[in-house]
Amino acid sequence: LIKLQEEHIVEVVSAGGVGRLGYAYSLSDAGTKRARDALDRSQYIGPVPVPVEKYTQMILLQTQGSLNISPQHVRQALAHLVLPHDFHRRIGPALSVGTSMFLYGPPGNGKTDIAQSIARLISGTEPIWVPYAITVGGHVVSVYDPLVFKEVRLTKDDLRTFKADTDSQVDRRYGFFQRPTVIVGGELTMAALDLRFDPVAKFYEAPLQLKANGGMFLIDDFGRQMISPSELLNRWVVPLESHVDYLRLQTGQTIAIPFQQLIVFSTNIEPRHLVDDAFLRRIQMKVKVDKPDERSFTHIFALYAQRLGVPLDKEGFLYLLQKWYREPNRPMQAVHPRDILKIVVAMADYEGVPPRMTPDAIDAACESYFVDTIDNGASLAPQTTKTGPRLTPLPR
């Protein structure tokens, strides 16, 4: 305050005690002008931004080694899912070293559940330090996002590790967070992958991949985004190879940012129908999540029957398999047991009776759930007319 007073930035407006501790200050005309000039340049309010060079050093220090994720950790993370016994070996190496992964296979078989389980596993590993904002060439880039970053309370052991006695000795420009997880679906656009300038607040918001540094970036339902797979390929082919991303300010200045996160693509579409071999080479791990066989389907059905409080009836289950899967040659999906049983429970609740796996209850639930049949058993197939597409029943 003495320096600010000497520079005529603040002035004393009252003295309520002995010495300077009792003074009340306010901005002088010169201080008010300086504050207005600063707000004209940027209206960012928050912890002091960290230079981009310091941010890069901090991220690289925290992502150079492996995450020390053991096979036991992966098995525990996936324990609530019914998967092949060695499935953890297909994804574990990618998690350990933080490389990229492609989850693919027919819909409804747990790809999203697997990816979210991976995200929870990564978030539970060692937390990381991330600055709330960075500065590049005099411009502020806001990094902190409350939907992405979950703060971790510093323990006494943490403070000793960082050679601090109290929280007040920790650099408050940084937050101590769980490793971040960014999940996007069909709403992803190219704008979300570049610096976004707010013309009113006059500072930038960090792109999603920068927020995901040190953690995981899941692109769910890949291939159905508002941008084409080839656009994303062209945008990320270099970062996936070099682990460095290049961002451009409005001034034309280009900055290099670490690209250090586990990238997971999850899709129902055959990978070779989405991207070319050059892109697939840069995604080191490709993991197919296939539909369950009858044994796995039975296991899944039994688990959900227990969770939803539906008594498991052998005759009712065999009726379901025969009429709704074997006869129509319908492929099984891991999501079917949960959805069908939820409908059975909902219908029982509506009628005020306990849920039971009777043929009538199973038929009612399946007729509500599957859309490729109608009451008379005819299949629905699209037929195009001059006025547009319509649905016409076709005999079996």
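Structure: above.
What you see is a predicted model; the values in this text were computed from it and never measured. (Residues numbered from 1 in each chain as written. Predicted model: local features only at pLDDT ≥ 70, side-chain atom pairs only at ≥ 80, totals over all residues. Heavy atoms only, no water.)

Peer 1: How would you sum up the nonpolar core? Please name residues and give values.
Peer 2: The biggest cluster of nonpolar side chains holds 51 residues, and the ones touching the most others in it are Phe102, Phe217, Ile219, Trp236 and Phe265. Per-element accounting of this core gives the leading share, 4 residues, to helix α9 (residues 229-242). (Core = buried A, V, L, I, M, F, W, Y, C linked by side-chain atoms within 4.5 Å. Buried < 20%, exposed > 50% of the residue type's maximum accessible area, 1.4 Å probe, protein only. Helix = DSSP H or I, 4+ residues; strand = E, 2+ residues; numbered from the N terminus.)

Peer 1: With reference to specific residues and values, describe the sheet that holds strand β3 (residues 50-51).
Peer 2: Pairing within the open sheet is mixed, and its 5 strands lie in the order β3-β6-β7-β11-β10. The open sheet has two edge strands, β3 and β10 (196-198), and neither has a second partner. Of the strand pairs in this sheet, β3 and strand β6 (residues 133-136) are connected by 2 bridges, and their pairing is parallel. Along β6, the bridge assignment pairs Pro51 with Thr135. (Pairing = 2+ DSSP bridges.)

Peer 1: So what's going on with the environment of Leu193? Residues and values would help.
Peer 2: The residue Leu193 is located in the loop between β9 (181-184) and β10 in this model. Through-space distance from the C-alpha of Leu193 to that of Trp236 is 9.7 Å; in sequence the pair is 43 residues apart. Non-local contacts of Leu193, meaning those with residues more than four positions away in its chain, are made with Leu188, Pro207, Gln209, Phe217, Leu232, Arg235, Trp236 and Leu247. (Contact = heavy atoms within 4.5 Å.)

Peer 1: Which residues make up the sheet that holds strand β4 (residues 101-104), and what are the values?
Peer 2: Paired through their backbone hydrogen bonds, the strands of a sheet run either parallel or antiparallel. The strand order β9-β12-β15-β4-β16 describes an open sheet built from 5 strands, whose pairing is parallel. The sheet terminates laterally at β9 and β16 (285-288), the two strands that pair on one side only. On average, each strand axis in the sheet is inclined to that of its neighbour by 15°, with strand direction left out of account. Note that strand β12 (residues 216-219) and strand β15 (residues 262-267) share 4 bridges and pair parallel. From the neighbouring strand, Met216 faces β15, where its bridge partner is Leu262. Set on the sheet, helix α5 (residues 88-97) makes contact with β4, β15 and β16; between it and β16 the angle comes to about 150°. Here helix α6 (residues 111-123) sits on the sheet and contacts β4, β9, β12 and β15; the angle it forms with β15, its principal contact strand, is near 165°. (Axes fitted to C-alpha atoms, helices over the stretch in contact; angles between N-to-C directions.)

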